Every structure is written in structure tokens, then in C-alpha cells.
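Now for the letters of each chain:
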Amino acid sequence: MTSSIPKETDVSALDADDQLIDDVEMSLFDHLEELRLRIFYSLGAILLGIGICFWKVNWIVNVLEQPAHGAKFLQLAPGEYFFVSLKVAGYSGALLASPFVLYQIIRFVLPGLTRRERRFLGPIVLGSTLLFWVGLWFAYVALIPAALNFFITYGGDVVEQLWSIDRYFEFVLLLLFSTGIAFQIPVIQILLGLLGLVSGGQMLAAWRTVVLAAVILGAVLTPSTDPLTQSLLGGAVIALYLGGTGMVILLTRHRSA
């Protein structure tokens, strides 16, 4: 009788997806130096973006004033428009430089990621970027016009619409960026699902809590108090949550298949 000798299992081949690709030893000083360079490059890109946007700030201001049809803007204090220009250029410059800053962040964390994690990194970054820009677009074409139209029509026959340029841009910039951040909900859901912390079924079962949270979020994130703007943002949050839940369920089925 011949006895069969069991072959040794190649553990490294089985766990190839969980291995680091760039497994290079770096000291703490090297990590800090790498982080310093990435921060330096990112700050340089942001400052360059702010400079470019300040050069074209009048054009950006005109674009952001478009939703306020029927209103006139006033400078209520000396230098108010100058400080508004700095604020608009700062937000716009950071937004313009965000792809380069995101690239620097990826370059810093990439050596510490496994093959499996790297496969998820590209779609997550792309999806997060697209959702943020969609959030900006949604706020510009839907939320801001709805809120401004409510304020313009309410009491329009009684008072003339003369607005502070500073208060107006505080309202617009806050609504734009808060909506862009709120649109990251599906990305957070997918990350939680991929890490196995929350399942799609658990997300779906919590829909009542999500509806209540969406109402609260719509009231907190919208600087206006009109119900139309809050309802639009709350409805968008619910739709994003349900879409993220569906993606988590599909990804779970795909991985188990």
C-alpha cells in the first residue's frame, strides 16, 4: 500500500490579497518627512488655487449671484466686498486644488495598503469625488434657488430686496459645501459594509431612524428656515441612504457568490 504525502499549503499564495505590495521598512523619521512633504505640496496647491480664484473672483461672484434673481446686494461696511472676495477665493481655491490634495493623500497611504484594499481605493475615491460635485450641483440648481425664491416672494410686495453681500455668501457657501458633505453618505455606507461592521439588511431595517435623522439633518445643514429647502435636502439624504444600502446589498451578494 502506498501512502500519500500531503502537500504543504502555500499560505502566502492564499493570502496574496492581504499582503503589502510595497513592503519597505521606513523609520518614524522617514514617515514624518514624507508626511511633511505631502502637506507642503498640498498647501502650495491650495495657495496657488486661491491665487487663481482671487484673480477671477469677480467672475465667480457673478456666477454665485445668479440664483438670487430680483435681489440687489449692498456693501454695508468699508471693505466688506474685499473680505467676501477673500472668502470666496479661499473656498474656490481649496475646491480647485482638491484633486491634487487628494492625490497627495493617496500617495501617502498607498504603501500601507494591501492588494485587496487597493482594489477598493479607486472606486471609493472616484465615487466620493463624483458625489461631492453632484452635491454642489444639486445645491446650486435646486436648494439655493428654492430658498432664495421663498425669501424673495415672502414679503416681496412689502419690502425691497436689498441684501448684505457678506451675509448672502455666508448662506450660499455654507449650503454648497454642507450639501457636498451630506452626499458622502453612500460612501460611508459602502465602507462600513466592506469592513463588515454593518450589513445591508441592518441598514434597511433602520429606515425609520434614517428618516428622522434626514429631517434633523435638513434642518441643521440648511442655513435657511424654509420648509421647502429642508425637505429637498432631507429627501436627497433619504434617497442617497437607500441607494447606498442597495449598493451594500449588491456588493455583499457579489462577494458571497
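What you are looking at is a predicted structure, and each value in this text was computed from that prediction instead of being measured.

Engineer: Explain the overall build of the protein residue by residue, including any values.
Structural biologist: Each helix and strand in the protein was counted, giving ten helices and two strands. Along the chain direction, N to C, the helices and strands of the protein fall in the order α-α-α-β-α-α-β-α-α-α-α-α. Across the 257 residues of the protein, 32% fall into the buried class. Considering only contacts within the protein whose residues lie at least 6 apart along the sequence, 84% involve residues at least 24 apart.

Engineer: So what about the packing of aromatic side chains? Which residues, and what values?
Structural biologist: Throughout the structure, instances matching the rule amount to eleven aromatic pairs. Ring plane angle 40° and centroid distance 5.7 Å describe the contact between F138 and F183, whose orientation is recorded as tilted. Placement of the pair is F138 in helix α5 (residues 115-153) and F183 in the loop between α6 (165-182) and α7 (185-194), with a sequence separation of 45 residues. Since its relative accessible area comes to 18%, F138 is described here as buried. An aromatic cluster is built from F73, W163, Y168 and F169, whose rings are joined through pairwise contacts. Note that K56 overlies the ring of W55, its terminal NZ or CZ placed 4.5 Å from the centroid.

Engineer: Before we move on, can you summarise the environment of I190 with the specific residues and values?
Structural biologist: Along the chain, I190 turns up in helix α7. Taking the C-alpha atoms as reference points, I190 and G200, separated by ten residues in sequence, lie 9.3 Å from one another. In this structure I190 touches M247, V248 and L251, once residues within four positions along its chain are discounted.

Engineer: Tell me about the nonpolar core, and name the residues and values.
Structural biologist: In this structure, L64, V88 and F169 are the most contacted members of the largest nonpolar core, which totals 46 residues. Only α3 (57-65), α4 (80-109), α5, α6, α7, α9 (207-221) and α10 (227-256) provide two or more residues apiece to this core. F169 has contacts with V61, L64, E65, V84 and V88, leaving out every residue within four places of it along the chain.

Engineer: How would you explain α4 if you had to name every residue and give the values?
Structural biologist: Spanning 30 residues, α4 covers 41 Å between terminal C-alpha atoms, matching the ideal 44 Å at 1.5 Å per step. Along α4, the largest kink reaches about 50° and is centred on S98; proline P99 follows within four residues of it. The complete set of buried residues in α4 reads E80, V84, S85, V88, A89, S92, G93, L95, A97, V101 and Q104.

Engineer: So what's going on with the packing of α3 against α6? Which residues, and what values?
Structural biologist: One way to put it is that α3 packs onto α6 with a least axis distance of 11 Å and a crossing angle of 75°. Comparing the axis directions of α3 and α6 gives the class roughly perpendicular. In this structure, α3 uses V61, L64 and E65 to contact α6, whose residues at the interface are I165, Y168, F169, V172, L173 and L176. Per-class residue counts for the contact of α3 with α6 are eight nonpolar, no polar and one charged.

Engineer: Quick one: what's the story with the UniProt feature "transmembrane region" (unreviewed entry) in the protein, residue by residue and with numbers?
Structural biologist: The sites that UniProt annotates as "transmembrane region" (unreviewed entry) are residues 39-61, 81-103, 124-152, 172-198, 205-225 and 231-251. Across residues 39-61 one finds 96% helix and 0% strand; the C-alpha atoms that close the span lie 29 Å apart. Measuring from the first to the last C-alpha atom of residues 124-152 gives 40 Å, for a span that is 100% helix and 0% strand.

Engineer: I'd love a proper account of the environment of G201, names of residues and values included.
Structural biologist: You can see G201 is positioned in helix α8 (residues 200-205). On the accessibility criterion, G201 (48% relative accessible area) is partly exposed.

Engineer: Outline the packing of α3 against α4, supporting the account with residue identities and numerical values.
Structural biologist: Packed helices, taken two at a time, are described by their axes: the angle between them and the distance between them. Where α3 contacts α4, the axes come no closer than 10 Å and their chain directions differ by 85°. As the angle between them shows, α3 and α4 are arranged roughly perpendicular. Contacts between α3 and α4 involve V57, N58, I60, V61 and L64 from the first element and Y81, S85, V88 and S92 from the second. Along the lines of polarity and charge, the residues of the contact of α3 with α4 split into six nonpolar, three polar and no charged.

Engineer: Describe a nonpolar patch on the surface, naming the residues involved and giving the relevant values.
Structural biologist: On the surface, L32, L35, I39 and L43 cluster together into a nonpolar patch covering about 350 Å² of accessible area. Along the chain, L35 turns up in helix α2 (residues 28-55). Judged by its relative accessible area of 34%, L35 is partly exposed.

Engineer: Before we move on, could you go through the pattern of salt bridges and cite the residues and values that matter?
Structural biologist: For the structure on display, the rule yields four salt bridges. Its salt-bridge partner being K87, residue E170 comes within 3.6 Å of it at the nearest N-O pair. Here E170, found in helix α6, pairs with K87, found in helix α4; they are 83 residues apart in sequence, far enough to count as distant. Among the residues examined, E170 registers a relative accessible area of 38% and is labelled partly exposed. Under the relative-accessibility criterion, K87 is labelled partly exposed at 26%. Via salt bridges that share partners, K87, D166 and E170 belong to a single interconnected network.

About the thresholds
Residues numbered from 1 in each chain as written. Predicted model: local features only at pLDDT ≥ 70, side-chain atom pairs only at ≥ 80, totals over all residues. Heavy atoms only, no water. Helix = DSSP H or I, 4+ residues; strand = E, 2+ residues; numbered from the N terminus. Buried < 20%, exposed > 50% of the residue type's maximum accessible area, 1.4 Å probe, protein only. Contact = heavy atoms within 4.5 Å. Phe/Tyr/Trp six-rings, centres within 6.5 Å; stacked < 30°, edge-to-face > 60°. Lys NZ or Arg CZ within 6 Å of the ring centre and 35° of its normal. Core = buried A, V, L, I, M, F, W, Y, C linked by side-chain atoms within 4.5 Å. Expected span 1.5 Å × (residues − 1). Bend = angle between axes of the 7 residues up to and from the residue. Axes fitted to C-alpha atoms, helices over the stretch in contact; angles between N-to-C directions. Parallel < 35°, antiparallel > 145°, perpendicular 65-115°, else oblique. Nonpolar A, V, L, I, M, F, W, Y, C, P; charged D, E, K, R; others polar. UniProt positions renumbered as here; feature names shortened; annotations may be inferred. Patch = residues over 30% accessible without salt bridge, like charges linked within 9 Å, V, L, I, M, F, W, Y side chains within 5 Å. Areas by Shrake-Rupley, 256 points an atom, 1.4 Å probe, with all protein chains shown as cover. Salt bridge = Lys/Arg side-chain N within 4 Å of Asp/Glu carboxyl O.

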